[in-house]
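# Coordinate analysis (summary)
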Amino acid sequence: MTDIISYLASRPYPGRGILLGNAPDGSPVCAYFIMGRSENSRNRVFEATEDGIRTRAFDEAKLRDPSLIIYHPVRRVGDTLIVTNGDQTDTIRDFLAQGKGVCDALATRTFEPDTPNFTPRISGIVRPDGYMLSILKSGDGGCCERFYYSYEPAAGEGHFLSTYEGFGAPLPSFSGEPVKSAIPAMPAAGLAAALWDSLDAANRVSLYVEAAGEKIILNKNVREQCL
């Protein structure tokens, strides 16, 4: 298994990332972070909501195009936790509320229309019986390639998925299967601090960790804890 802290530390720009899995004691772990290069992308914070978190502008006066940067990354529907890098969170939530499936929901969505990067849409689902990761990315001829990965819970193991592989022009999309990662034995606050410190300081923006009943938010613009 990959050491997720070292993995992230060696990558200056994974973009947005989802880590799902189980702590060594078997409890579920969810982490999501965003990074940014432009002033608009960096002008954000995570904020707690009733059913998860949302992004909002740190300085409303500097907010430009909100279409791809303001959304609910994390929402809960019953015993299901949804985490994504865009407004497909709401699409999945709405489909689940209608008794439909996650794949049905994501079949209605594609990668982001941010030419020339065509940023992948990454999504994760956490349920008591395991978790799922998905990536929707641009393929040959502009078609949308949809990949889904389902995992049973295993103590101390998880999987990581990000939007990018690093810098480039255009930014190179994540390739291959989600990275099998060791989930370290540490409290949510410790895991959040370790993940945060592993992200490039110039590009990191916000981080959310949910583990062992704790919910932690770290923001570059306003460092805080949400318990």
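Whatever comes next refers back to the structure up there.
These notes cover the structure that comes with them. This is a predicted model, so every value here is computed, not measured. (Residues numbered from 1 in each chain as written. Predicted model: local features only at pLDDT ≥ 70, side-chain atom pairs only at ≥ 80, totals over all residues. Heavy atoms only, no water.)

### Notes on the overall build of the chain
Across its full length, the chain holds five helices and 14 strands. Relative to its length of 227 residues, the chain is compact, with a C-alpha radius of gyration of 16 Å against a globular reference of 17 Å. Expressed as lengths along the three principal axes of its C-alpha atoms, the size of the chain is roughly 45 × 40 × 35 Å. Looking at the 227 residues of the chain, the share that counts as buried comes to 51%. Taking the contacts inside the chain whose residues are at least 6 apart along the sequence as the reference set, 54% of them involve residues at least 24 apart. In the form shown here, the chain has an accessible surface area of approximately 9,700 Å², with 50% of it arising from carbon and sulfur atoms. Taken as two groups, the 23 positive and 28 negative side-chain charges of the chain have centres that lie 5 Å from each other. (Helix = DSSP H or I, 4+ residues; strand = E, 2+ residues; numbered from the N terminus. Rg over C-alpha atoms; globule rule 2.2 N^0.38 Å. Buried < 20%, exposed > 50% of the residue type's maximum accessible area, 1.4 Å probe, protein only. Contact = heavy atoms within 4.5 Å. Areas by Shrake-Rupley, 256 points an atom, 1.4 Å probe, with all protein chains shown as cover. Lys, Arg positive; Asp, Glu negative; His and termini not counted. Charge placed at Lys NZ, Arg CZ, Asp CG, Glu CD.)

### Quick word on the nonpolar core
Buried together is how nonpolar side chains tend to be arranged in soluble globular proteins. By size, the foremost hydrophobic cluster in this structure holds 49 residues, and its most contacted members are Leu8, Leu20, Phe160, Leu195, Leu207 and Val209. The leading source of residues in this core is strand S3 (residues 28-35), at seven residues. Among the nonpolar cores identified, the runner-up in size contains 12 residues, and Ile92, Leu96, Leu106 and Cys144 belong to it. (Core = buried A, V, L, I, M, F, W, Y, C linked by side-chain atoms within 4.5 Å.)

### Examining helix H3 (residues 88-97)
Those residues of H3 not exposed but buried are Gln88, Thr89, Thr91, Ile92, Phe95 and Leu96. End-on view of H3: buried residues confined to an arc of 165 degrees, all on one side of the axis. The elements touched by buried residues of H3 are strand S6 (74-77), strand S7 (80-84), helix H4 (102-106) and strand S8 (121-127). The first or second residue beyond H3 is glycine 99, which carries a positive phi of 80 degrees. (Arc of directions from axis to C-beta.)

### Re the pairing of strand S4 (residues 44-49)
The side chains of a regular strand alternate between both faces of the sheet. Bridge count between S4 and strand S5 (residues 52-57): six bridges; the pairing is antiparallel. Residue pairing for S5: arginine 44 is matched across the bridge by alanine 57. The turn linking S4 back onto S5 is made up of two residues. (Pairing = 2+ DSSP bridges.)

### Details of the sheet that holds strand S10 (residues 144-151)
As summarised here, the arrangement of the seven strands in space is S4-S5-S6-S7-S8-S9-S10, forming an open sheet in which the pairing is antiparallel. Each edge of the sheet is formed by a strand with only one pairing partner; in this case those strands are S4 and S10. Direction aside, neighbouring strands of the sheet carry axes that sit 20 degrees apart on average. Where H3 meets the sheet, its contacts fall on S6, S7 and S8, and the angle it forms with S7 comes to roughly 155 degrees. (Axes fitted to C-alpha atoms, helices over the stretch in contact; angles between N-to-C directions.)

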